[in-house]
Amino acid sequence: MNEPHDTPQQSPELPSFLSRRVFLRGAAATGTALAVGGTALAVGGATAGPASAAPGGFPDYTYVRTLLKPSDLAYNPTGEIIFPCVRGTVGRISSALGRYYLYYAPHDAPGGICLAYGDSLEGPFTEHPDNPLVTNDWQPHYKVSHVSSPHVLWNEDEKEMWLYFHGENTTTRLARSKDGINFTYDKAVLSTSMLPAGSTETSYARVFRHDLPARGARYVMLFMLNNTTDHRDIAWGWSADGRDWTFDQEPLIRHSDVGAVNVGGPHLLTRGGSAYVVYNKDKASGGDLMITEVGKDFSRRDHLGVFHNSMNGAPDNGRTASPSFGTENGEPYMIYEAGERLQGAIALARGK
């Protein structure tokens, strides 16, 4: 079994009337491996294996099932959940509740960082009885309207799960855990004050283990940036240790680059010696996942087009967002936010 890491995965075929996953053919690179937790072929920062049909040579993903619906959850303060992140626990956490930990959150106040666990990426996943693991009031560190968008990185150096999450939308924070359940607050790692004047949101961050020797960096952060124009772009930063960051003052991917009103939910994939960013458009702009090759050193800006088409029917209803990738038993998977913003569920697609 391959642990989930930040890498694309593949899904079984379904009838074409149910789903169509289109990947631009040609470019052959994935910013992260297909493995849960941040290693090759794992969810959360992994490296892709053989692929077939997407841009960059990535798998073609097809919907398999819905993993989590708000109506089925005991902790359901707002009737919506977003931003899944799956990590493998094998060889990392002793006496884990399952082979995979799936983190997610409601977005609207009060939000709350939540956990479900299971022994297969295809589910079932069981809701943790003590959700939320992290709330909007964590004294003496902060008290905010909401916390959301959990991204968990397995930090191999520290042997810890590092949780990056936002609250408010202006601030991304870091908490750390040995068991993936009980977290200790560390610090704020990103805020609008670190970006150009007029920045209003710096949120939905994901962090990946990715070497940038010329910058003295071992980690890369991708996040959504908004400003007074109210058009959201993808921005990025780099760090030697995952705690202290330098941020590019120019967007990595502008909404206008791909004909969107807003872009967000970025994820890094690596393949063939290059790196790619997969991200979503807003529903009014198509609601699909897009892919841009940025190169191993982030010097490229090659927009390759549609990475994955959202289904018109349920559960996507014209919108696929915030993907997390992983691989299990050689099969690539994508776990994603399916449906209208703040009306969706967490769904699973398998690649081929």
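This structure is a prediction, so every number in the text was calculated from the model and none was measured.

Visitor: Help me understand the sheet that holds strand 6 (residues 114-118), please; the structure alone is not making it clear to me.
Guide: Across a sheet, strands are paired by hydrogen bonds formed along the backbone, either parallel or antiparallel in direction. The four strands are arranged 4-5-6-7 in an open sheet whose pairing can be described as antiparallel. Two strands bound the open sheet, and with one partner strand each, they are strand 4 (82-88) and strand 7 (126-127). Relative to strand 6, strand 5 (residues 100-105) runs antiparallel, the two sharing five bridges. Bridging across to strand 6, L102 finds its partner in A116.

Visitor: In this structure, what is going on with the packing of aromatic side chains? I would like to understand it.
Guide: To describe a pair of aromatic rings, one takes the distance between the centres and the angle between the planes. Applying the stated rule across the entire model yields 15 aromatic pairs. Seen in terms of ring centroids, Y101 and Y103 are 6.4 Å apart; in terms of plane orientation they differ by 80 degrees. Their pairing is edge-to-face. Three or more aromatic residues joined by ring pairs form one cluster here, namely F58, Y61, Y276, F307 and F325. Against the face of F83 rests R206, its NZ or CZ located 4.1 Å from the ring centre.

Visitor: For this particular structure, what's the right way to read the confidence of the model for the protein?
Guide: Low pLDDT marks regions whose predicted coordinates should not be analysed in detail. Per-residue pLDDT for the protein has a mean of 88; in total, 85% of the residues score no lower than 70. Under a pLDDT of 50 for its full length, residues 1-52 has, in the predicted model, 344 contacts with residues more than four places off or in other chains.

Visitor: Explain the sheet that holds strand 11 (residues 160-166) to me, please; I cannot follow it from the model alone.
Guide: On the basis of which strands lie adjacent, the open sheet formed by four strands has the order 10-11-12-13 and antiparallel pairing. For this open sheet the edge positions go to strand 10 (148-155) and strand 13 (184-191), each flanked by a neighbour on one side alone. Here the strands of the sheet are splayed against their neighbours by 25 degrees on average, with no regard to which way each runs. Bridge count between strand 10 and strand 11: six bridges; the pairing is antiparallel. Bridging across to strand 11, S148 finds its partner in H166.

Visitor: Looking at this structure, I do not really get the pattern of salt bridges. What am I missing?
Guide: Two side chains with opposite charge may pair up if their charged atoms get near one another. By the definition in use, this model includes 19 salt bridges. Put simply, R254 and E250 hold a salt bridge, and the shortest N to O gap is 2.6 Å. Here K283 and E340 are joined by a salt bridge, their closest N and O atoms 2.5 Å apart. Residue K283 is found in the loop between strand 19 (274-281) and strand 20 (289-293), and its partner E340 is found in the loop between strand 23 (331-338) and strand 24 (345-351); the two are separated by 57 residues along the sequence.

Visitor: How should unusual backbone geometry be read in this particular structure?
Guide: For residues other than glycine, phi is negative in most cases, and the peptide bonds are mostly trans. Of note, the bond from A109 into P110 is cis; its omega dihedral lies within 30 degrees of zero at 10 degrees. The residue after N131, namely P132, is reached through a cis peptide bond having omega 0 degrees. For P132, the location among the structural elements is in the loop between strand 7 and strand 8 (137-138). Its identity is not glycine, yet S322 carries a phi of approximately 50 degrees, on the positive side. Positionally, S322 belongs in strand 22 (residues 320-328).

Visitor: Would you mind going over the pairing of strand 11 with me for this structure?
Guide: Put simply, side chains in a regular strand alternate between the two faces of the sheet. Of all seven residues in strand 11, seven are buried; the element is thus mostly enclosed. Side chains E160, W162, Y164 and H166 of strand 11 all project onto a buried face; the interleaved residues M161, L163 and F165 project onto the opposite face, where all are buried too. What sits between the antiparallel neighbours strand 10 and strand 11 is a turn of four residues, in which K159 has the positive phi angle 55 degrees. Alignment of strand 11 against strand 12 (residues 171-177), held across six bridges, turns out to be antiparallel. Bridge pairing links L163 to A175 in strand 12. The turn linking strand 11 back onto strand 12 is made up of four residues.

Visitor: Sorry if this is basic, but what is going on with the environment of T171 here?
Guide: Along the polypeptide, T171 turns up in strand 12. Through-space distance from the C-alpha of T171 to that of V147 is 9.8 Å; in sequence the pair is 24 residues apart. Ignoring anything within four residues of it in the chain, the contact list for T171 reads F165, H166, A188, L190, S191 and T202.

Cut-offs applied
Residues numbered from 1 in each chain as written. Predicted model: local features only at pLDDT ≥ 70, side-chain atom pairs only at ≥ 80, totals over all residues. Heavy atoms only, no water. Pairing = 2+ DSSP bridges. Helix = DSSP H or I, 4+ residues; strand = E, 2+ residues; numbered from the N terminus. Phe/Tyr/Trp six-rings, centres within 6.5 Å; stacked < 30°, edge-to-face > 60°. Lys NZ or Arg CZ within 6 Å of the ring centre and 35° of its normal. pLDDT = per-residue confidence, 0-100. Contact = heavy atoms within 4.5 Å. Axes fitted to C-alpha atoms, helices over the stretch in contact; angles between N-to-C directions. Salt bridge = Lys/Arg side-chain N within 4 Å of Asp/Glu carboxyl O. Buried < 20%, exposed > 50% of the residue type's maximum accessible area, 1.4 Å probe, protein only.

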